[in-house]
Structures are given as structure tokens and as C-alpha cells.
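# Geometric and topological summary
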Amino acid sequence: MKSADVANKFTDEDIDRIIQMAWEDRTPFEAIEFQFGLKEKEVIEFMRLNSKDSSFRMWRKRMSGRGTKHLQKRVAVDPRFKCTLQRSISMNKISKR
């Protein structure tokens with residue numbers, strides 16, 4: 001993926017959201033792929049193109065070997081981060097009751 005592709009494919013809000021999701025420990029790469037169509041290698045390239053060099057290196061060091069970034073590597077589903085009153089979320093938008 002080239003930087004021109006990223007500029008044409010995503011809005012500024014999408015770019016910010018992808019970066020935020022990539023930095024979150026409990027957001028798997030599969031969620032980014034589902035919402036934005038970027039596979040893990042494309043997310044890595046995306047972060048390389050949209051981050052400072054030092055920020056990218058820090059992110060790669062943090063993400064390497066982290067099991068929570070892959071759904072299949074998670075040991076168990078951790079329910080403590082979901083409120084029982086939480087509304088269902090669809091395509092990153094909160095559904096109305």
C-alpha cells in the first residue's frame with residue numbers, strides 16, 4: 001500500500017481511528033480488517049506510513065508477540081471490559097435502542 005492509496009481510500013477520521021485501533025491492546029487486527037479492509041501486514045505498512053519513525057518502532061516493539069492482537073491467540077474471552085448495559089455495536093457505530 002502506498003501513501004497515495006491511503007490518502008484516497010480513507011478520510012482523516014478513518015486514518016485517526018485506524019491508528020487508535022492499532023495502538024489499543026485489546027483491539028484485534030481482525031477488527032481492523034473487518035471495519036477497514038486492512039490485513040495485519042497492511043496495518044503495519046499503514047502505521048509505517050502514518051507515524052513518525054520513532055513512534056512506529058515503539059508500536060512494533062509493543063505489538064510484537066502480543067496475543068491480544070489476534071483473536072485466535074487469545075486464551076479466553078475476557079468479559080470484564082463489557083458492561084451488561086452496553087448497547088450492541090455495529091460497524092463502529094452505537095445502535096439505538
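You'll find the structure just up there.
Okay, so let's go over this structure. (Residues numbered from 1 in each chain as written. Predicted model: local features only at pLDDT ≥ 70, side-chain atom pairs only at ≥ 80, totals over all residues. Heavy atoms only, no water.)

## Describing helix 3 (residues 29-36)
Test applied: Residue burial is assigned from relative accessible area. The probe radius is 1.4 Å, only protein chains are included, and a residue is buried under 20% of its type maximum, exposed over 50%, and partly exposed in between. Here a strand is any run of E in DSSP of at least two residues, a helix any run of H or I of at least four, and the numbering for each starts at the N terminus. This arc is taken over the directions from the axis of the helix to the C-beta atoms.
Every buried residue belonging to helix 3 is among F29, I32 and F36, and all of these are buried. Summarising the axial view, the buried residues of helix 3 lie within an arc of 55°, below the 170-degree limit, and thus occupy one face. Positive backbone phi, at 75°, marks G37, one or two positions downstream of helix 3.

## Section: the pattern of salt bridges
Rules: Take a side-chain nitrogen of Lys or Arg and a carboxyl oxygen of Asp or Glu: if they are within 4 Å of each other, that pair is a salt bridge.
Inspection of every chain in the model, using the stated rule, returns four salt bridges. Here R62 makes a salt bridge to D25, at a shortest N to O gap of 2.7 Å. With R62 in helix 5 (residues 53-63) and D25 in the loop between helix 2 (12-23) and helix 3, this residue pair connects regions lying 37 residues apart in the sequence. For R48, the salt bridge identified is with E45, shortest N-O distance 3.0 Å. With R48 and E45 both in helix 4 (residues 40-50) and three residues apart, this pair spans about one turn of that helix. Judged by relative accessible area, R48 falls into the partly exposed class, the value being 41%.

## Some thoughts on the environment of R60
Counting through the fold element by element, R60 comes out in helix 5. Judged by its relative accessible area of 30%, R60 is partly exposed.

## Topic: the nonpolar core
Short version of the rule: The term nonpolar core refers to a set of buried residues drawn from Ala, Val, Leu, Ile, Met, Phe, Trp, Tyr and Cys, joined through side-chain atoms within 4.5 Å. Contact criterion: two residues are considered in contact whenever any of their non-hydrogen atoms come within 4.5 Å of each other.
Core analysis: the largest hydrophobic core is formed by 16 residues, its most contacted members being I32, V43 and W59. Counting only elements with at least two residues in this core, the list comes to helix 2, helix 3, helix 4 and helix 5. Sequence-distant contacts of V43, defined by excluding residues within four places in its chain, comprise A22, F29, I32, L38 and W59.

## Some words on the packing of helix 2 against helix 3
For the record, the criterion: Working convention: axes come from line fits to C-alpha atoms, limited for helices to the stretch in contact. Angles between N-to-C directions cover 0 to 180 degrees. The cut-offs work like this: below 35 degrees is roughly parallel, past 145 is roughly antiparallel, 65 to 115 is roughly perpendicular, and the gaps in between are oblique. We call a crossing left-handed when the near helix sits turned anticlockwise from the far one by less than a right angle, and right-handed when that turn is clockwise. Following the grouping adopted for this structure description, the nonpolar residues are Ala, Val, Leu, Ile, Met, Phe, Trp, Tyr, Cys and Pro, the charged ones are Asp, Glu, Lys and Arg, and the polar ones are all others, Gly among them.
Viewed as axis vectors pointing N to C, helix 2 and helix 3 meet at an angle of 165°, and their least axial separation amounts to 10 Å. By the angle between their axes, helix 2 is roughly antiparallel relative to helix 3. In the crossing of helix 2 with helix 3, the sense of the turn from one axis to the other is right-handed. Note on element contacts: helix 3 touches helix 2 through A31, I32, Q35 and F36, opposite D14, R17, I18, M21 and A22. By residue class, the composition of the contact of helix 2 with helix 3 is six nonpolar, one polar and two charged.

## Things to note about the side chain of T27
Tracing the chain through its elements places T27 in the loop between helix 2 and helix 3. Owing to a relative accessible area of 12%, T27 belongs among the buried residues under this scheme.

## Things to note about the packing of helix 2 against helix 4
Where helix 2 meets helix 4, the closest approach of the two axes is 11 Å, and the angle between their N-to-C directions is 115°. In terms of axis orientation, helix 2 runs roughly perpendicular to helix 4. In the crossing of helix 2 with helix 4, the sense of the turn from one axis to the other is left-handed. Where helix 2 approaches helix 4, its residues I15, I18, I19, A22 and W23 are matched on the opposing element by V43, F46, M47 and N50. Of the residues that constitute the contact of helix 2 with helix 4, the class distribution is eight nonpolar, one polar and no charged.

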